[in-house]
Amino acid sequence: VPTIFEVGLVTGVFYFKFGLKYALISLSCITSYTLFTIFVTRWRKKLRVKRNKAETDTENKAIDSLVNYETVKYCDNSEYEAKRFKDSLKKYELTAMKTSTSLATLNFGQNLIFSAGLSILMALASFGVINGTIT
C-alpha cells in the first residue's frame, strides 16, 4: 500500500508539474519494472529450487561415501562412488551457473528498464527546455 501511494504521488507530481506525457512515461516505467521483476523472479525461483536439490544430492552422496567408507572399499566400489559424486557435482555446477546467470539477467533487465525510462524523461525535458515549454 505505501508503494502504491508513493507511485500515485510521483505520477501526480509529474502530471501537474510537467504534463500527461511525463506521468505516463513514469507510470509505464514503474509498471514495466514491476512486471519484469515478478516474471523473472518466478523463473529464478524454479532454477533455485533445482540448484538446492542438486546441492543437497551432492552433499548426501559425499556424506554417504564417507560414512560408508569401509563398505565402499571392501566391495571395491570406489570408482562407482566417485563417478556418482562427479555426476552430482556437474549437475550442481550447471544449476549454480544458471542461477547466477538468471540473477545477472534480472539485474540487467531492471537497469535497462530504469535507464530507458529515465533517458526518455530526460530527452523530453531537454526538448521542452529548448522549445520553451518547460522552464
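Preceding this section is the structure that the text describes.
Overview of the structure. What you are looking at is a predicted structure, and each value in this text was computed from that prediction instead of being measured.

### Some thoughts on the overall build of the chain
Here's step 1: Per the secondary structure count, the chain includes four helices and zero strands.
Here's step 2: The order of α-helices and β-strands along the chain, N terminus first, is α-α-α-α.
Here's step 3: Here the C-alpha radius of gyration of the chain, 26 Å, is well above what a compact globule of 135 residues would show, namely 14 Å.
Here's step 4: On the principal axes, the C-alpha backbone points of the chain span a range of 90 × 30 × 15 Å.

### Description of a positive patch on the surface
Here's step 1: Residues Lys46, Lys50, Lys53, Lys91 and Lys98 make up a contiguous surface patch of positive charge.
Here's step 2: Take the positive patch: its biggest share by element is three residues, from helix α2 (residues 20-67).
Here's step 3: Structurally, Lys50 can be placed in helix α2.
Here's step 4: For Lys50, a relative accessible area of 53% corresponds to the exposed category.

### So, helix α1 (residues 2-18)
Here's step 1: Taking 1.5 Å of rise per residue, 17 residues should cover 24 Å, and α1 covers 24 Å from first to last C-alpha, within 8% of that figure.
Here's step 2: At the exit of α1 stands Gly19, carrying a positive phi of roughly 115 degrees.

### Considering the pattern of salt bridges
Here's step 1: All chains considered together, the criterion is met by two salt bridges.
Here's step 2: Notably, a salt bridge pairs Asp57 with Lys61, separated by 3.0 Å at the nearest N-O pair. On the criterion of helical spacing, the pair formed by Asp57 and Lys61 is a turn pair, its members being four residues apart in helix α2.
Here's step 3: Between Asp87 and Lys83 there is a salt bridge; the shortest N-O distance is 2.9 Å. Residue Asp87 and its partner Lys83 are both found in helix α4 (residues 78-131); the two are separated by four residues, about one turn of the helix.
Here's step 4: For Asp87, a relative accessible area of 38% gives the class partly exposed.

### Details of the side chain of Thr58
Here's step 1: Summarising the element assignment, Thr58 is placed in helix α2.
Here's step 2: Polar contacts involving the side chain of Thr58 include one to the main-chain carbonyl oxygen of Ala54, which spans 2.9 Å.
Here's step 3: Excluding its chain neighbours within four sequence positions, the residues that come into contact with Thr58 are Phe85, Ser88, Leu89 and Tyr92.

### Description of a nonpolar patch on the surface
Here's step 1: A cluster of nonpolar side chains, Tyr15, Phe16, Leu20 and Leu24, forms an exposed patch at the surface whose accessible area comes to about 480 Å².
Here's step 2: Those elements that place two or more of their residues in the nonpolar patch are α1 and α2.
Here's step 3: Examined against the element boundaries, Leu24 turns out to sit in helix α2.

The rules behind each value
Residues numbered from 1 in each chain as written. Predicted model: local features only at pLDDT ≥ 70, side-chain atom pairs only at ≥ 80, totals over all residues. Heavy atoms only, no water. Helix = DSSP H or I, 4+ residues; strand = E, 2+ residues; numbered from the N terminus. Rg over C-alpha atoms; globule rule 2.2 N^0.38 Å. Patch = residues over 30% accessible without salt bridge, like charges linked within 9 Å, V, L, I, M, F, W, Y side chains within 5 Å. Areas by Shrake-Rupley, 256 points an atom, 1.4 Å probe, with all protein chains shown as cover. Salt bridge = Lys/Arg side-chain N within 4 Å of Asp/Glu carboxyl O. Lys, Arg positive; Asp, Glu negative; His and termini not counted. Charge placed at Lys NZ, Arg CZ, Asp CG, Glu CD. Buried < 20%, exposed > 50% of the residue type's maximum accessible area, 1.4 Å probe, protein only. Expected span 1.5 Å × (residues − 1). Polar contact = N/O pair within 3.5 Å; in protein donor to acceptor, adjacent residues only side chain to side chain. Contact = heavy atoms within 4.5 Å.

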